[in-house]
Amino acid sequence: MELKQLHTHFLNSSGVSTDTRNIEPGMLFFCLKGDNFNGNKFAQEALDKGAYKVIIDETRYHKNTGETILCADVLEALQKLAHYHRNYLKVPIIALTGSNGKTTTKELINAVISTSYTTTATKGNLNNHIGVPLTLLAMNNDTQYGIVEMGANHHKEIEQLCAITAPDFGYITNFGKAHLEGFGSLEGVVQAKTELYDYLKDHKKTVFVNGNDPKQMIHSKNINRVVFGTDQQYIPISLKDASNELIVQYNNEVIQSKLIGSYNFHNIAAAIAIGSYLNIPTAAIKKAIESYTPTNNRSQVIDKDSNKIILDAYNANPTSMIAALENFKQFAGSNKKMFLGDMFEVGKDTAEEHEAIILFLKENPFGEVYVIGSNFYNTNTEAPHIKKFITFEDLKEKINEQKITDSTLLIKASRGMALERILDLL
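None of the values given here were measured: they were computed from a predicted structure.

Give me the lowdown on the packing of aromatic side chains, citing residues and values where you can.
Aromatic rings in a pair are described by how distant their centres are and how their planes are angled relative to each other. Going through the model one piece at a time under the given rule, you end up with eight aromatic pairs. A ring pair is formed by Y171 and F228, whose centres lie 6.0 Å apart and whose planes are at 45°; its orientation type is tilted. Taken as a pair, Y171 in strand β8 (residues 169-172) and F228 in strand β10 (residues 224-229) lie far apart in primary sequence, 57 residues in all. The class for F228 is buried, based on a relative accessible area of 1%. Between the aromatic rings of F339 and Y370, the centroid separation amounts to 4.7 Å while the plane-to-plane angle is 10°, which identifies the pairing as stacked.

Right, here's the structure in full:
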């Protein structure tokens, strides 16, 4: 089937689904495959639940009734349809990637732009080779700006996502020690993330750049760029206070956010700069930033009984872990305790990077530390303020022995550790 005809079917549908558990009548169902599943097997179930058409790539599931559309590769068909739809709509798209802060920055940008325009943005962190096409296909004639988050853990993934998305604008949050298992090194991270810069340069598009980040300034040379930061020659945005929830200043306006951590200043600043570039009124930008509340275990501040908790357990890597600890060290609060879980996808540097975190904690004894997981457990430390637990159950037993009250807590770990479970123990 030609792509134009598939797009016509899409326009006549009620949307796209890749999971029969959330399919709705009238949808196009794409039978994706994975290492442990074959979506073709669910073709009939999708039709039984009211799918308008089902896209398959195995002939044995093909029906001559017109209900199934046979193609060479379902994933490729989904991606090509998304790219075709993006060109059909001609919506200006802002793409962002980076090692840390992508989702928070994307949500802040969306909060700001949506005060003046109708937007469609990546939901949650659906930022991979499947999530990005689904975001593009969620756009319609009402969409005035698209905001697409791009994630990657291997080289050439950002390049592929750019080819699908064809962004008009781009932003890289930072380069950090994330997904080292796939990228090999910090230099590998830089090479992978700057695939976005390569696309923008080759297609004469525009990039937003944090002028306070020397690496971003170097790698964005020779691209049409909009620079923001504390330097007055750029869009001037400054940090006034980071001892609790961040306070920033822009256009003589003081903006009181609900985000903590000086690392979030750059995320806020990017949203302000993009809003400024799009001529969104300062008052609207201020209201959007001040109204944004972090969710999904990302820099959430939770008051529970007599404890104040910073819940940042959505993800962790060596760069974001040190940033969180540096912030917590300066954070206003008494009787500080840190619950830190293993960092995943660090590859050959796993032992070294966990040792580096422990060394920082030994040299900066600003509170009690509880580290959880085999990687932290195998580090070398006899520091009395650092307590090691190989499993969450071991930690649970310790917490149940002592009641934690009147404390300021930091919970930080990779997603697989699920350390938000600590909240149930307090």
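Would you mind going over the packing of helix α13 (residues 318-330) against helix α14 (residues 350-363) in detail, with residue names and values included?
The contact between α13 and α14 brings their axes to 10 Å, and the two run at 10°. Between α13 and α14, the angle is such that the two are roughly parallel. Touching P318, M321, I322, L325 and E326 of α13 are E353, I357, F360 and L361, all from α14. Residue composition of the contact of α13 with α14, grouped by class: seven nonpolar, no polar and two charged.

Can you tell me about the domain arrangement of the protein chain, naming the residues and giving the values?
With domains assigned, the protein chain is organised as domain 1 (3-73), domain 2 (91-291) and domain 3 (300-425). If you average the C-alpha positions of domain 1 and of domain 2, the two centres end up 33 Å apart.

Tell me about the pattern of salt bridges, and name the residues and values.
Tallying each qualifying case throughout the model produces 16 salt bridges. A salt bridge links K205 to D168; the shortest N-O distance between them is 3.4 Å. Of this pair, K205 sits in the loop between α9 (195-202) and β9 (206-210) while D168 sits in the loop between α6 (157-165) and β8; the two residues are 37 residues apart in sequence, bridging distant segments of the chain. Classification of K205 as partly exposed rests on a relative accessible area of 26%. As a salt-bridge pair, K308 and D303 come within 3.3 Å of each other at their nearest N and O atoms. Assessed through its relative accessible area of 58%, D303 is described here as exposed.

Give a description of the state of the cysteines that names residues and reports values.
Within the structure shown, the criterion is met by zero disulfides. Considering cysteine sulfurs only, C71 is the nearest to C31, which forms no disulfide, with 9.0 Å between them. Overall, the relative accessible area of 0% leaves C31 in the buried class.

Residue-level account of the packing of helix α4 (residues 102-113) against helix α11 (residues 263-277), with values.
The geometry of α4 relative to α11 is characterised by a closest axis approach of 9 Å and an angle of 30° between their N-to-C directions. The orientation of α4 relative to α11 falls into the category roughly parallel. Along this stretch, α4 crosses α11, giving a crossing that reads as right-handed. Between α4 and α11, the residues in contact are T104, T105, L108, I109, V112 and I113 and N264, N267, I268, A270, A271, I274 and G275, respectively. Across the contact of α4 with α11, the residue classes break down as eight nonpolar, five polar and no charged.

I'd like to hear about the sheet that holds strand β19 (residues 408-412), residue by residue, with values.
Spatially, β14-β15-β19-β16-β17-β18 is the arrangement adopted by the six strands of the open sheet, whose pairing is mixed. In this open sheet, the two strands that pair with only one neighbour each are β14 (300-304) and β18 (386-389). Sheet twist, expressed as the average angle between the axes of neighbouring strands with direction ignored, equals 20°. Sheet analysis places strand β15 (residues 307-312) next to β19, joined by five bridges and oriented parallel. For L311, the partnering residue across the bridge sits in β19 and is I411. The sheet contacts of α13 involve β15, β16 (336-341) and β19, and relative to β16 the element is tilted by about 175°. Across the sheet, α14 lies against β16, β17 (368-372) and β18, angled at about 150° from β18, the strand it touches most.

Parameters at a glance
Residues numbered from 1 in each chain as written. Predicted model: local features only at pLDDT ≥ 70, side-chain atom pairs only at ≥ 80, totals over all residues. Heavy atoms only, no water. Phe/Tyr/Trp six-rings, centres within 6.5 Å; stacked < 30°, edge-to-face > 60°. Helix = DSSP H or I, 4+ residues; strand = E, 2+ residues; numbered from the N terminus. Buried < 20%, exposed > 50% of the residue type's maximum accessible area, 1.4 Å probe, protein only. Axes fitted to C-alpha atoms, helices over the stretch in contact; angles between N-to-C directions. Parallel < 35°, antiparallel > 145°, perpendicular 65-115°, else oblique. Contact = heavy atoms within 4.5 Å. Nonpolar A, V, L, I, M, F, W, Y, C, P; charged D, E, K, R; others polar. Domains from an automatic or database assignment. Salt bridge = Lys/Arg side-chain N within 4 Å of Asp/Glu carboxyl O. Disulfide = S-S within 2.5 Å. Left-handed = near helix turned anticlockwise from the far one by under 90°. Pairing = 2+ DSSP bridges.

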